[in-house]
Amino acid sequence: MSSQTAKKNTEINKDIIDKLQAMGDLYGKTNDKWRAYSYQKAITTIRRCTHRINSYEEIIKLPGIGESLAKKIWEIIDTGSFEKLEDFQSSEYMNVITLFGNVWGCGPNIAKQWYDQGFRTLDDLRTKAKLSDNQQVGLKYYDEFLERMPRNEVCEIEAVVKEHALALVPDLIIQTCGSYRRGKPTCGDVDILITHTDGISHEGLLIPLIDSLKKSGFLTDDLVLSASDKYEEDSGSHVKYYGVCLLPGENRKHRRLDIIIIPHDEYACALLYFTGSALFNRSMRALAHRYNMYLSQHRLNTGVIRKNNSKINTGTPLYTPTEESIFKYLNLPYRPPEERDH
Ligand code: DCP
Ligand code: MG
Ligand code: MN
């Protein structure tokens, strides 16, 4: 998780990392979580190398890289190609799984099921598959959702949300997170976090906000509306909306919009979570785990007691007024959003 050096090292072994990433992504798409994870771990290790890797002996000594993966890495270095990846990339199965996996709302298992049912094209899905509401929306905007938008368009979308939200409740804190906050040149969607310093005024805001945005024609489709995050044991009053928006004017594209509304005492943890990246979040959570803490999108708890990986004591929440404070509890030097890709 080092920052400055990580940037340079990524360049030195970039060809290796890119190929491993491509392979890991493909394993992720087939839901081969174990392999996807070992590739991700190998990438992290290689990113830490301060020089060009140039022997098999050196690779096999790297922590967490076993013989089979080491051989593949050596193949990349020695021959400049990676046969298994090329086979994978050209296989019908992988291409169909990738095609289906890009439907919003379709995970690896559904993609596999569709493949097993004999579907091969998006048209097959449209005409023959049993689609959930989300998958229908995902299919309708298949091409549009695959396209990333420039930063200035994120600003335009943010401005619309701000206008409607502030008309309902003045003085809200409205912060665009995700890849936008990490400074990426293009964004896959717009991730907006909303809260209020008084700790109360954010309550009950989501539904009127969605209504207002719908009346103006800005929101075109809904994906997820949830008053509490069921997947978190300590959900609090988190509310979220995932949907589709369209800016007014000619030649506009449908864009994905995610809004999360949170109580102010959860602001820093939510900001950290929603800024990501997902990979970075995973390492932060793993680090917290090592300190017997628990980091979620709501809070950072200390004194957590775990047995066989399940919590028998959930611990007590720490005071986290800023992102900096979270880094500090985890004994990490602060990293600005631009340095949180990994
Ligand atoms: N997030 C996470 N784990 C996930 C999904 C998301 O921790 N499985 C967090 C980190 C992400 C943030 O939520 O940065 C926003 O999710 P997005 O899917 O919008 O991802 P990004 O904004 O980072 O990238 P993109 O430009 O593709 O939207
Ligand atoms: Mg995003
Ligand atoms: Mn998002």
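Here we summarise the structure given alongside this text. As the structure is a computational prediction, the values presented were derived from the model and not from experiment.

### Remarks on the coordination of the manganese ion (ligand 3)
Around the manganese ion (ligand 3), the protein contributes the donor atoms Asp189 (OD), Asp191 (OD) and Asp258 (OD), which lie 1.9 to 2.3 Å from the metal centre. Metal-to-metal, the separation of the manganese ion (ligand 3) and the magnesium ion (ligand 2) is 3.5 Å; Asp189 coordinates the two. Taken together, the residues Asp189 in the loop between strand E3 (186-187) and strand E4 (190-195) and Asp258 in strand E7 (residues 255-261) connect sequence positions 69 residues apart. Here Asp189 and Asp258 have matching classes, each one buried.

### Looking at the site of ligand 1
Inspection of the region around ligand 1 gives 15 residues, with Arg148, Ser179, Gly188, Asp189 and Asn281 positioned closest. Thr275 is positioned such that a nitrogen or oxygen atom in its backbone is 3.4 Å from an oxygen atom of ligand 1. In the complex, the protein chains occlude 65% of the 550 Å² of accessible area that ligand 1 would expose alone. For the shell around ligand 1, the secondary-structure elements that each account for two or more residues are helix H13 (178-181), helix H15 (267-275) and helix H16 (278-290). Take the shell around ligand 1: its biggest share by element is three residues, from H15. Across the shell around ligand 1, the residue classes break down as four nonpolar, seven polar and four charged.

### A few points about empty space enclosed by the protein
Where empty space is left in the structure can be found by rolling a water-sized probe over the atoms. Counting across every chain of the model gives one cavity of 30 Å³ or more. In this model, the largest cavity occupies a volume close to 50 Å³. As for the largest cavity, its lining consists of Leu272, Tyr273, Phe280, Asn281, Met284, Arg285, Leu295, Ser296 and Gln297. Among the secondary structure elements, those contributing two or more residues to the lining of the largest cavity are H15 and H16. Among the elements that take part in the lining of the largest cavity, H16 stands out by supplying four residues, more than any other.

### As for the sheet that holds strand E2 (residues 173-176)
Here we have five strands laid out as an open sheet, ordered E2-E4-E7-E6-E5, and mixed in their pairing. For this open sheet the edge positions go to E2 and strand E5 (219-226), each flanked by a neighbour on one side alone. Geometrically, the sheet is characterised by an average inter-axis angle of 20 degrees between neighbouring strands, direction not taken into account. The strands touched by helix H14 (residues 206-215) are E4, E5, strand E6 (239-245) and E7; relative to E5, the strand with the most contacts, the crossing angle is about 165 degrees. Sitting on the sheet, H15 is in contact with E2, E4 and E7, with an inclination near 180 degrees to E4.

### Some remarks on the pairing of E6
With seven of seven residues buried, E6 is to be regarded as a mostly interior element. On E6, burial covers both faces: Val239, Tyr241, Gly243 and Cys245 on one face and Lys240, Tyr242 and Val244 on the other are all buried. For E6 and E7, the ladder comprises seven bridges, and the chain directions are antiparallel. The partner of Val239 across the bridge, within E7, is Ile261.

### Digging into the side chain of Arg335
Structurally, Arg335 can be placed in the segment after helix H17 (323-329). Here Arg335 is buried and forms no salt bridge, its nearest opposite-charge partner Glu339 lying at an N-O distance of 4.8 Å. There is a polar contact of 2.5 Å between the side chain of Arg335 and the backbone oxygen of Glu339.

### Digging into the sheet that holds strand E9 (residues 300-302)
Judged by pairing direction, the sheet is antiparallel, and its three strands sit side by side in the order E8-E9-E12 without closing on themselves. Whereas interior strands pair on both sides, the edge strands pair on one side only; in this sheet they are strand E8 (294-295) and strand E12 (316-317). Looking at chain direction, E8 and E9 are connected through two bridges and run antiparallel. Paired with Tyr294 across the bridge in E9 is Asn301.

Calculation rules
- Residues numbered from 1 in each chain as written.
- Chains lettered and ligands numbered in written order.
- Predicted model: local features only at pLDDT ≥ 70, side-chain atom pairs only at ≥ 80, totals over all residues.
- Heavy atoms only, no water.
- Donors = N, O, S within 2.8 Å, 3.2 Å for Na, K, Ca; no water.
- Helix = DSSP H or I, 4+ residues; strand = E, 2+ residues; numbered from the N terminus.
- Buried < 20%, exposed > 50% of the residue type's maximum accessible area, 1.4 Å probe, protein only.
- Near = heavy atom within 4 Å.
- Polar contact = N/O pair within 3.5 Å; in protein donor to acceptor, adjacent residues only side chain to side chain.
- Areas by Shrake-Rupley, 256 points an atom, 1.4 Å probe, with all protein chains shown as cover.
- Nonpolar A, V, L, I, M, F, W, Y, C, P; charged D, E, K, R; others polar.
- 1 Å grid on protein atoms, 1.4 Å probe; cavity = no way out; pocket = protein on both sides within 12 Å on 5 of 7 lines; lining within 4 Å.
- Points joined across faces, edges and corners; volume = space filled by probe spheres on them.
- Pairing = 2+ DSSP bridges.
- Axes fitted to C-alpha atoms, helices over the stretch in contact; angles between N-to-C directions.
- Contact = heavy atoms within 4.5 Å.
- Lys, Arg positive; Asp, Glu negative; His and termini not counted.
- Salt bridge = Lys/Arg side-chain N within 4 Å of Asp/Glu carboxyl O.

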